[in-house]
Amino acid sequence: MKAKIKTFFSPLVVGILIGVFFTATASFAAYTLVIKPKITPPTPPVVSLPSPSPTLPAKASATAGPDNSEFGTLSWLTGPQKITNPEILQKDYFTFADLGTYRVGKFSSGAYLLVTFIQPEGPSPPIPFRLIENKGKFSLIESLISEDYFKKDLDNIFNKTKISFISFQIKDLYPDNYYYINQTGYSRSKNTFFPPQLSTDLKDPVVVASTPVGDILSVSSPVFGFTDLSTRSFYLKLHDFTLIPYTRDSSLASTDSRVPIFNYLDSTQNKSIFDTPRVGCGSGEVISVIKPSSLLLNDKILIGKNITDTEIFQIKSATNSLIKYLYDQYKVGRDYPSAPPVLSIDQFAVAPSHIIFQEKSGDWVLLVSPDYSIQAECGKPVIYLYPTKDTQITVKVGADITKSEPQYPDSGWTVSAHPNGQLDYQGLSYPNLFWEGKGWGIYPDLSGHGFVVSQRNLIPTLKNHLKLLGLNNQESADFMEFWIPKLPISPYVRLTWLSTSEMNQLAPLSVTPHPDTVIRLFLDFVGLDRPISLIPQKLSSLPRRGFTLIEWGGLLRK
């Protein structure tokens, strides 16, 4: 045996084998580097694509579903059918949200697929869950719950004597994080504070693309007081009529620090940030669009191009309505005593305040420099804690906090709270917690809603509003003490209130243990020279029961 092995690996044979190896390696390299690129279709020019969800491939038709299951084949209904909320919840801190429960699909066995929206008593948007209703019995599809936090808390949410937990695949409910359709990319939004809703709640949605799991919808909302400018949002409508927010890739690429990549006409590279216009004290992923037929675009001037020859424009006419609108936004928050001198509108018109470019879709998109945009923060939201007994409570705020009392640590405040509202923290006592900053969520669209109040009636109206919204005498006095010096002295004032659900969207709170009652209110106001027409808001509050959290704040323009 040894002699055979020695003969097999003779020098001549070894040399032949080495030659064959290098020949094969060279051939493979040539194919990989030269031939294959020529025969492989080009990859779409997408930069830094998000990784797809580790889920099932979704290639079914709109009426397809799990076959040969114990429930049979699933067919989607033509619309959500609202039903009575089933008796399946624990009686602690979870209740059904106002959205309620809907039948969205039917199995061939006669069972129904349900979507139900459940609202924790603590500060959190509603949570959608999928159920199967079969002959009066309910099963929770645990495998369709994406939030790990709630997966761990299911026993505290559902009464397991009235509902079973099952793992069940419905491939139409597994969306990808990214879709590339008709040379346009759509990415799943990173906004984790999107409040759940149904597609039937959208106003005038337009289908812009179709995926195996549903249509991508575009929804436009006019910017209040400026008809030629609108905001545009994108949603994936799943076959169960729930919505997932998506963003559309821009034909104008930007760096991670939001600097659009293009060169000016003199060949210098842009180094300035241009971003979607800010609204209030939040952030967002909605784009601002100018109507293609708008006369505003008649004044656009070419200032640069990017590598794909997308043309970049700016409007520099002080008489253009867009410049007037942007100038009004620029002045907001720049009237405090130590503020730098405010530009005149003629100076503002020629400043690098914005850029405009046309997307492949035909939309004319507006991006604004933060140096020339609204200056505002969520001003002094004050948090009061009223437990029923002495309790250690941790409060975390979903915001970039710029000022706080006591000092806000990365892990949030952990205080010893007493029923009278006193808070003990690091050896000191406080009546409340306060913070200022910019919320992580989207500032809600308040276009056209609120109250117009004359200067003479401003203080009495505010006091009445605070009472209707649930503040007690001390909390109202604290509110008035802080905000009265900051109110406009104009003949009229617009008062618009953000509710608890809207504040949960803008700057969500994480509170442990969960409060039994949460009242959060926030005032957006602006001075007016004359009255305007608004849709009045309905002001009301929850009764205070059990451990209660109260928060008030307002839009601080600075």
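The text that follows walks through the structure, step by step, so that each part is easy to find. (Residues numbered from 1 in each chain as written. Predicted model: local features only at pLDDT ≥ 70, side-chain atom pairs only at ≥ 80, totals over all residues. Heavy atoms only, no water.)

## What to know about the nonpolar core
Here is step 1: Ranked by internal contacts, the top residues of the largest apolar core, which has 44 residues, are L113, I132 and I170.
Here is step 2: Membership of the second largest hydrophobic core comes to 29 residues, among which are C378, A417, L549 and L555. (Core = buried A, V, L, I, M, F, W, Y, C linked by side-chain atoms within 4.5 Å. Buried < 20%, exposed > 50% of the residue type's maximum accessible area, 1.4 Å probe, protein only.)

## Observations regarding helix 8 (residues 473-483)
Here is step 1: Within helix 8, the full set of buried residues consists of E475, S476, D478, F479, M480, F482 and W483.
Here is step 2: Its side-chain oxygen placed 3.1 Å from the backbone nitrogen of Q474, N472 serves as the N-cap of helix 8. (Helix = DSSP H or I, 4+ residues; strand = E, 2+ residues; numbered from the N terminus. Polar contact = N/O pair within 3.5 Å; in protein donor to acceptor, adjacent residues only side chain to side chain.)

## Here we look at the packing of aromatic side chains
Here is step 1: The tally for this structure, following the rule as stated, stands at 22 aromatic pairs.
Here is step 2: For the ring pair Y330 and F348, a centre distance of 5.1 Å and an interplane angle of 35° mean the geometry is tilted. Remark: F348 occurs in helix 6 (residues 345-350) and Y330 occurs in helix 5 (residues 321-331); sequence separation between them is 18 residues.
Here is step 3: Put simply, the rings of F479, F482, W483, W497, F525 and W552 pair up and form one aromatic cluster.
Here is step 4: Looking at K160, its charged tip hangs above the ring of F165, at a distance of 4.7 Å from the centre.
Here is step 5: Positioned over the ring face of F482 is K486, at 4.1 Å from the centre of the ring. (Phe/Tyr/Trp six-rings, centres within 6.5 Å; stacked < 30°, edge-to-face > 60°. Lys NZ or Arg CZ within 6 Å of the ring centre and 35° of its normal.)

## Quick notes on the environment of V368
Here is step 1: Of note, V368 is situated in strand 18 (residues 364-368).
Here is step 2: On the basis of relative accessibility, which here comes to 7%, the residue V368 falls in the buried class.
Here is step 3: Sequence separation between V368 and F274 is 94 residues, and the spatial gap between their C-alpha atoms is 5.0 Å.

## Description of the packing of helix 7 (residues 458-468) against helix 8
To describe two helices that pack against each other, one gives the angle between their axes and the distance between the axes.
Here is step 1: Direction vectors running N to C along helix 7 and helix 8 enclose 140°, while the axes themselves pass 10 Å from each other. With respect to their mutual orientation, helix 7 and helix 8 come out oblique. When the axes of helix 7 and helix 8 are compared, the crossing they make is right-handed. Where helix 7 abuts helix 8, its residues I459, L462, K463 and L466 lie against S476, F479 and M480.
Here is step 2: Grouping the amino acids of the contact of helix 7 with helix 8 by side-chain chemistry returns five nonpolar, one polar and one charged. (Axes fitted to C-alpha atoms, helices over the stretch in contact; angles between N-to-C directions. Parallel < 35°, antiparallel > 145°, perpendicular 65-115°, else oblique. Left-handed = near helix turned anticlockwise from the far one by under 90°. Contact = heavy atoms within 4.5 Å. Nonpolar A, V, L, I, M, F, W, Y, C, P; charged D, E, K, R; others polar.)

## Examining the pairing of strand 17 (residues 354-358)
Here is step 1: Of all the five residues making up strand 17, four are buried; the element is thus mostly covered by neighbouring parts of the structure.
Here is step 2: One ladder, built from five bridges, connects strand 17 with strand 18; its direction is antiparallel. By the bridge assignment, I356 is partnered in strand 18 with L366.
Here is step 3: Where strand 17 folds back on strand 18, the antiparallel hairpin that results is connected by five residues, among which G362 adopts a positive phi of roughly 100°. (Pairing = 2+ DSSP bridges.)

## What about the side chain of H418?
Here is step 1: Within the secondary structure layout, H418 lies in the loop between strand 22 (413-417) and strand 23 (423-425).
Here is step 2: Side chain to side chain, H418 and D390 meet in a polar contact 2.9 Å long.
Here is step 3: The contacts of H418, once residues within four sequence positions are left out, are L385, Y386, P387, D390 and D424.

## Examining the pattern of salt bridges
Here is step 1: Overall, the coordinates contain eleven salt bridges when judged by the stated rule.
Here is step 2: For D240, the salt bridge is made with R130, and the minimal N-O distance between the two is 2.8 Å. Taken together, the residues span a long stretch of sequence, with D240 in the loop between strand 11 (226-238) and strand 12 (243-248) and R130 in strand 4 (residues 127-134) at a distance of 110 residues.
Here is step 3: What makes R130 buried here is its relative accessible area of 12%.
Here is step 4: For K331, the salt bridge goes to D328, with nearest N and O atoms at 3.9 Å. With K331 and D328 both in helix 5 and three residues apart, this pair spans about one turn of that helix.
Here is step 5: When its relative accessible area of 36% is taken as the criterion, K331 is described as partly exposed.
Here is step 6: A single salt-bridge network, built from bridges that share partners, covers R232, R248 and D363. (Salt bridge = Lys/Arg side-chain N within 4 Å of Asp/Glu carboxyl O.)

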